[in-house]
Amino acid sequence: MTPSAVSTETARHVPPAAPAPEHASATGAAAMPCPPSTAEREDLSRLRVVPARHPGRTVLAVVVGLVVAAVAYSFVTNPRWEWGVVAQWFLAESILRGLLETLKLTALSGVLGFSLGLVLALMRLSPSGLISGVSWTFSWIFRSTPLLVQLLLWYNLGYLYERITLGIPLTDVTLLDARTSTLMTPMLAATLGLGLHQAAYAAELIRGGILSVDQGQLEAASALGIPARDRSLRIVMPQAMRAILPTAFNEIIGLVKGTSIVYVLAHAELFFTVQLIYGRTQQVLPMLLVATLWYVVITSLLSIGQYYIERHYAKGAVRNLPPTPLQSLRARLTRHRPTPKGALA
């Protein structure tokens, strides 16, 4: 059988090709389907949109709401909370003086701790082994010692050094010469103890924030000839602040509550003042509630400040800044506001 005969025989058994679609293009590809007619669009517009149901979420919300309502009801109806006594002492002059001392301790210790922590963090990043080692040793000692022990050591420094003398070396000029017990007041001992303890932790969190910045940016800035000071202040620190701020505010909030341990030095801060009052009146629980409410107020204000500061430093990281609480409330009110008649949906 010749090849032409084989081809003819094979062609007889090939099934007929499927008919081409009506809307086939010149290249053989199928065309897009026709858009729906006006009647079909009208039928779809009549359909009702039903939101997705989440029964588990609804049950959990109901349970949580009942628990919150039960706790609030017990707070209001239980007379042993003595809310009248809380209201009586909440704005008392002695309480406000103790609150002022707490805020003063927090501010002084925070400034000392984070200023020294920044210096220690830069020392730790130094290529000099001596400078880096001194910074590491400081953090190691102050993080390894309980805060209470540090406070008591500073307060009893006069037992180790009876007098403190400061002067200019190789001269007879004396700048300070006084008894240590006279200089080391409870306020100074508390500020040194809290500040130096905070500096050891602040150094590590600042160092971590600086190391979180991509080193390639520093290399690029150096290649462009940007001075080292501008590289640090305009490139490194703004980006490092995004990593530093959350932990830093946690440390500040912990510092506010940590001032309560200063009562061992008999310094009249908030908690020590509350102790004196309930020791005299025997109203222990209401006075503890007074201190608790003031600590909640302080930490709430710090949390609000943290939100706005983090929002400021997020400008270079996100395209659109997150809305402020006032903007979110306004958007919710606008969303639930009824649409006027005749207005377009």
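Owing to the predicted nature of the structure, the values given are computational and were not obtained by experimental measurement. (Residues numbered from 1 in each chain as written. Predicted model: local features only at pLDDT ≥ 70, side-chain atom pairs only at ≥ 80, totals over all residues. Heavy atoms only, no water.)

Attention now goes to the environment of Met184. With respect to the helices, strands and loops of the structure, Met184 is situated in the loop between helix H9 (180-183) and helix H10 (186-211). Taking the C-alpha atoms as reference, Met184 lies 6.3 Å from Tyr155; in sequence the two are 29 residues apart. The contacts of Met184, once residues within four sequence positions are left out, are Trp154, Tyr155, Leu157, Ala189 and Leu192. (Helix = DSSP H or I, 4+ residues; strand = E, 2+ residues; numbered from the N terminus. Contact = heavy atoms within 4.5 Å.)

Once that is clear, we can look at the pattern of salt bridges. Side-chain pairs of opposite charge can arise where the charged atoms are in close proximity. Scanning all chains against the criterion turns up 7 salt bridges. Between Asp177 and Arg163 there is a salt bridge, with its nearest N and O atoms 3.2 Å apart. Remark: Arg163 occurs in strand E1 (residues 163-167) and Asp177 occurs in strand E2 (residues 174-179); sequence separation between them is 14 residues. The partly exposed category is assigned to Asp177, whose relative accessible area is 44%. Salt bridges sharing common partners tie together Arg124, Glu204 and Arg207. (Salt bridge = Lys/Arg side-chain N within 4 Å of Asp/Glu carboxyl O. Buried < 20%, exposed > 50% of the residue type's maximum accessible area, 1.4 Å probe, protein only.)

Look at helix H12 (residues 228-258): only 37 Å from first C-alpha to last across 31 residues, short of the 45 Å you get at 1.5 Å a residue. Maximum bend of H12: about 45°, positioned at Ile244, with proline Pro246 one to four residues after it. Residues of H12 that are buried: Ile235, Val236, Ala240, Met241, Ile244, Leu245, Ala248, Phe249, Ile253, Leu255, Val256 and Gly258. Where H12 is buried, its residues meet helix H5 (93-124), H10, helix H11 (215-223) and helix H14 (284-313). (Expected span 1.5 Å × (residues − 1). Bend = angle between axes of the 7 residues up to and from the residue.)

Moving on, we come to the packing of aromatic side chains. How two aromatic rings sit relative to each other is set out by the distance from centre to centre and by the angle between their planes. Within this structure, the stated rule accounts for 8 aromatic pairs. Centre to centre, the rings of Trp81 and Trp83 are 6.1 Å apart; their planes meet at 25°, and the pair counts as stacked. Look at Phe90 and Trp294: their rings are 4.4 Å apart centre to centre, the planes differ by 0°, and that puts the pair in the stacked class. Linking Phe90 in helix H4 (residues 83-90) with Trp294 in helix H14, this pair joins segments that are 204 residues apart in sequence. The exposure class assigned to Phe90 is partly exposed, which follows from its relative accessible area of 21%. (Phe/Tyr/Trp six-rings, centres within 6.5 Å; stacked < 30°, edge-to-face > 60°.)

Attention now goes to the environment of Met187. Among the structural elements, Met187 can be located in helix H10. Sequence-wise, Met187 and Ala268 are 81 residues apart; in three dimensions their C-alpha atoms are separated by 9.2 Å. Aside from chain neighbours lying at most four places away, what touches Met187 is Glu101, Lys104, Leu105, Leu108 and His267.

Moving on to the nonpolar core. Grouped together as the largest cluster of nonpolar side chains are 19 residues, with contacts concentrated most on Trp89, Ile95, Leu270, Val274 and Met287. Breaking this core down by element, the ones donating at least two residues are H4, H5, helix H13 (270-281) and H14. Of all the elements, H14 adds the most residues to this core, at 7 residues. Not counting the four nearest positions on each side in its chain, Met287 is found in contact with Trp89, Ile95, Val274, Ile277 and Tyr278. The next biggest cluster of nonpolar side chains, apart from the first, holds 12 residues, and it includes Leu105, Met187, Leu255 and Val262. (Core = buried A, V, L, I, M, F, W, Y, C linked by side-chain atoms within 4.5 Å.)

Here we take up the pairing of E2. Relative to E2, E1 runs antiparallel, the two sharing 5 bridges. Bridge pairing in E2 places Ile164 opposite Ala178. In this antiparallel pair of consecutive strands, E1 and E2, the connection spans 6 residues, and Leu170 shows a positive phi of 65°. (Pairing = 2+ DSSP bridges.)

Another point: the side chain of Gln198. Following the sequence through the fold, Gln198 ends up in helix H10. Side chain to side chain, Gln198 and Glu251 meet in a polar contact 3.1 Å long. (Polar contact = N/O pair within 3.5 Å; in protein donor to acceptor, adjacent residues only side chain to side chain.)

This paragraph deals with a nonpolar patch on the surface. Taken together, Val59, Val63, Val67, Val71, Phe75, Val76, Trp83 and Leu293 make up a surface patch of nonpolar side chains, about 690 Å² in accessible area. The biggest single contributor to the nonpolar patch is helix H3 (residues 55-77), with 6 residues. (Patch = residues over 30% accessible without salt bridge, like charges linked within 9 Å, V, L, I, M, F, W, Y side chains within 5 Å. Areas by Shrake-Rupley, 256 points an atom, 1.4 Å probe, with all protein chains shown as cover.)

The predicted coordinates ought not to be read in detail in places where the model reports low pLDDT. Predicted confidence across the protein gives a mean pLDDT of 83, with 83% of residues reaching 70 or more. Within the protein, helix H1 (residues 3-13) has the poorest average pLDDT of any element, 45, and H5 the best, 95. In this model, residues 1-14 is a region of pLDDT below 50 whose contacts with residues beyond four sequence positions or in other chains number 1 contact. (pLDDT = per-residue confidence, 0-100.)

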